[in-house]
Amino acid sequence: MDRWAQIEFFIQVAELGSLSKAAERLGMSSAAASRCLNALEERLSARLVERTTRRLWLTDVGREYHRRCVAIMGEMAEADAAVNAATLNPSGTLRVTASVSFASIYIAPALPEFHKRYPNLDVQIVAANRYPDFIEAGIDVAIRTREHEADSSITVRKLAETRRVLAASPGYLAKRGAPATPDALCQHDLLVYNLANDPYVLHFQRGARTQSVPIKSVLDANEGQVIRAAALAGLGILIQPLYIIHADIVAGKLVPVLADWRLPALTINIAYQSRRHQPAKIRVFTEFLMERFERLGFARKWNEIAR
């Protein structure tokens, strides 16, 4: 069995949680399935799967290998689709979902250029901070700040990574001063985005040192633009990804605090349904967005704090 067949089989095992079910789906015997898995693990010199008579689960190495294999198979499918000349002029409606902040700051300004390239393709934006189900909502492409999708039929491609930072207006800092250490945040008014992972505990890192700080808020909200507006008005210190407040920091409207400490970064991904024949509208929008982000250097900007 060649390498690609092994990978396809392993993906089925990981997603179905069963050797026998994976074998049945791919038309293999149980003996051939066991030989395939053994050959793959032997080639990689790694244990990918643990199993008992009742259940099967992936090892840590197996989970990472599965994630990478799904991404590779998605890339291969897109490469094959790109060969078809008929996909160069897509038409119809492309439905894209993203957070309110991302849609307004980064997608909307890109649409004139996108429309010029693909005039027969209409775009519909569904701005939402909670992620709708792909099938029920009829979404083609989603911009999401998480690395993995619960639905194994979803392909995820990394668009960029962004730092999360603390910042406040010059007026607030002139009145209250800047915290010198993470512990000093308890003496300040904090503005919290309540849809973040673990929003009321900040996990800091500086070099080899880590520190977790419980926080309370004077304002929490489920929309980053509300948090941003409150910070600009001088209400307190916000905790937001740089992609939302980068322009405010560059303009001096917001000033980073505790900049030598890092919070866990966010990975911004493009997600879409994995299909045997990917619609051209999804492929061209994905490639356009990734090329634009590379050209404008957003990944670099979102990992630097302007002084």
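What counts and what doesn't
Residues numbered from 1 in each chain as written. Predicted model: local features only at pLDDT ≥ 70, side-chain atom pairs only at ≥ 80, totals over all residues. Heavy atoms only, no water. Helix = DSSP H or I, 4+ residues; strand = E, 2+ residues; numbered from the N terminus. Buried < 20%, exposed > 50% of the residue type's maximum accessible area, 1.4 Å probe, protein only. Polar contact = N/O pair within 3.5 Å; in protein donor to acceptor, adjacent residues only side chain to side chain. Contact = heavy atoms within 4.5 Å. Core = buried A, V, L, I, M, F, W, Y, C linked by side-chain atoms within 4.5 Å. Salt bridge = Lys/Arg side-chain N within 4 Å of Asp/Glu carboxyl O. Pairing = 2+ DSSP bridges. Axes fitted to C-alpha atoms, helices over the stretch in contact; angles between N-to-C directions. Phe/Tyr/Trp six-rings, centres within 6.5 Å; stacked < 30°, edge-to-face > 60°. 1 Å grid on protein atoms, 1.4 Å probe; cavity = no way out; pocket = protein on both sides within 12 Å on 5 of 7 lines; lining within 4 Å. Points joined across faces, edges and corners; volume = space filled by probe spheres on them. Parallel < 35°, antiparallel > 145°, perpendicular 65-115°, else oblique. Left-handed = near helix turned anticlockwise from the far one by under 90°. Nonpolar A, V, L, I, M, F, W, Y, C, P; charged D, E, K, R; others polar.

Chemist: Describe the side chain of Ser101, and please don't skip the residues or the numbers.
Modeler: Mapped onto the fold, Ser101 is located in helix H5 (residues 100-107). Relative accessible area serves as the criterion here: at 2%, Ser101 is assigned to the buried category. Separated by 3.3 Å, the side chains of Ser101 and Glu223 make a polar contact. Ignoring sequence-local partners within four residues, the contact set of Ser101 consists of Tyr106, Glu223, Gly224, Gln225, Tyr243 and Ile244.

Chemist: Can you break down the nonpolar core residue by residue, with the values?
Modeler: If you look at the biggest cluster of nonpolar residues, it comprises 42 residues, and the most contacted ones within it are Phe102, Val141, Ile143, Leu238, Ile245, Phe293 and Trp302. Phe9, Phe10, Val13 and Leu58 belong to the second-largest nonpolar core, a separate cluster that totals 20 residues.

Chemist: Give me the pattern of salt bridges: which residues, what numbers.
Modeler: Tallied over the full model, the rule gives 16 salt bridges. Between Glu291 and Arg295 there is a salt bridge; the shortest N-O distance is 2.8 Å. Remark: Arg295 and Glu291 occur in helix H11 (residues 280-296); sequence separation between them is four residues, near one turn of the helix. Assessed through its relative accessible area of 44%, Arg295 is described here as partly exposed. Counted as one network, the salt bridges with shared partners bring together Glu113, Arg117, Glu291, Arg292 and Arg295.

Chemist: Can you tell me about the environment of Met28, naming the residues and giving the values?
Modeler: If you trace the backbone, Met28 turns up in the loop between helix H2 (19-26) and helix H3 (30-44). On the accessibility criterion, Met28 (19% relative accessible area) is buried. Sequence separation between Met28 and Phe9 is 19 residues, and the spatial gap between their C-alpha atoms is 9.7 Å.

Chemist: Go over the sheet that holds strand S8 (residues 190-193) with me, naming the residues and quoting the values.
Modeler: The five strands lie next to each other as S11-S8-S12-S7-S13, forming an open sheet whose pairing is mixed. Edge strands, defined here as strands with exactly one partner in the open sheet, are strand S11 (219-221) and strand S13 (255-257). Averaged over all pairs of adjacent strands, the angle between strand axes in this sheet comes to 35°, irrespective of strand direction. Those strands touched by helix H9 (residues 224-232) are S8, S11 and strand S12 (237-241), and its axis lies near 170° from that of S8. The strands touched by helix H10 (residues 242-250) are strand S7 (164-168), S12 and S13; relative to S12, the strand with the most contacts, the crossing angle is about 120°.

Chemist: Can you break down the sheet that holds strand S4 (residues 121-127) residue by residue, with the values?
Modeler: The five strands lie next to each other as S4-S3-S5-S14-S6, forming an open sheet whose pairing is mixed. Each having just a single partner strand, S4 and strand S6 (154-162) make up the two edges of the open sheet. On average, adjacent strands in this sheet sit at an angle of 20° to one another, irrespective of strand direction. Strand direction decides the pairing type here: strand S5 (residues 141-144) and strand S14 (residues 266-273), joined by three bridges, are antiparallel. The residue bridging Arg144 from the neighbouring strand is Asn269, located in S14. Here H5 sits on the sheet in contact with strand S3 (92-98), S4, S5, S6 and S14, set at roughly 125° to S3.

Chemist: Pulling in residues and values, what's your account of the packing of aromatic side chains?
Modeler: Given two aromatic rings, their pairing is described by the distance between the two centres and the angle made by the two planes. The full count for this structure, using the stated rule, is 16 aromatic pairs. Seen from their ring centres, Phe102 and Tyr243 are 5.7 Å apart, and the 65° between their planes marks the pair as edge-to-face. In this pair, Phe102 is assigned in helix H5 and Tyr243 in helix H10, connecting sequence segments 141 residues apart. Like Phe102, the residue Tyr243 is buried in the burial classification. Centroid distance Phe298 to Trp302: 5.4 Å. Interplanar angle 10°. Geometry classified as stacked. For Phe298, a relative accessible area of 12% puts it in the buried group.

Chemist: Tell me about empty space enclosed by the protein, and please be specific about residues and values.
Modeler: In this approach a probe as big as a water molecule rolls over the atoms, and the regions it shows empty are the leftover space. Using the criterion set out here, one finds one cavity of 30 Å³ or more in the structure. Its volume calculated, the largest cavity comes out at about 50 Å³. In terms of lining, the largest cavity is formed by Arg164, Val192, Tyr193, Ala196, Pro199, Leu202 and Ile239.

Chemist: An account of the packing of H9 against H10 is requested, with residue identities and associated values reported.
Modeler: At their nearest, the axes of H9 and H10 sit 11 Å apart, and the two run at 25° to each other. Here H9 lies roughly parallel to H10, going by the angle between them. As for the relative orientation of H9 and H10, their crossing is right-handed in sense. Touching Gly224, Gln225, Arg228 and Leu232 of H9 are Ile244, Ile245 and Asp248, all from H10. Tallied by class, residues from the contact of H9 with H10 come to three nonpolar, two polar and two charged.

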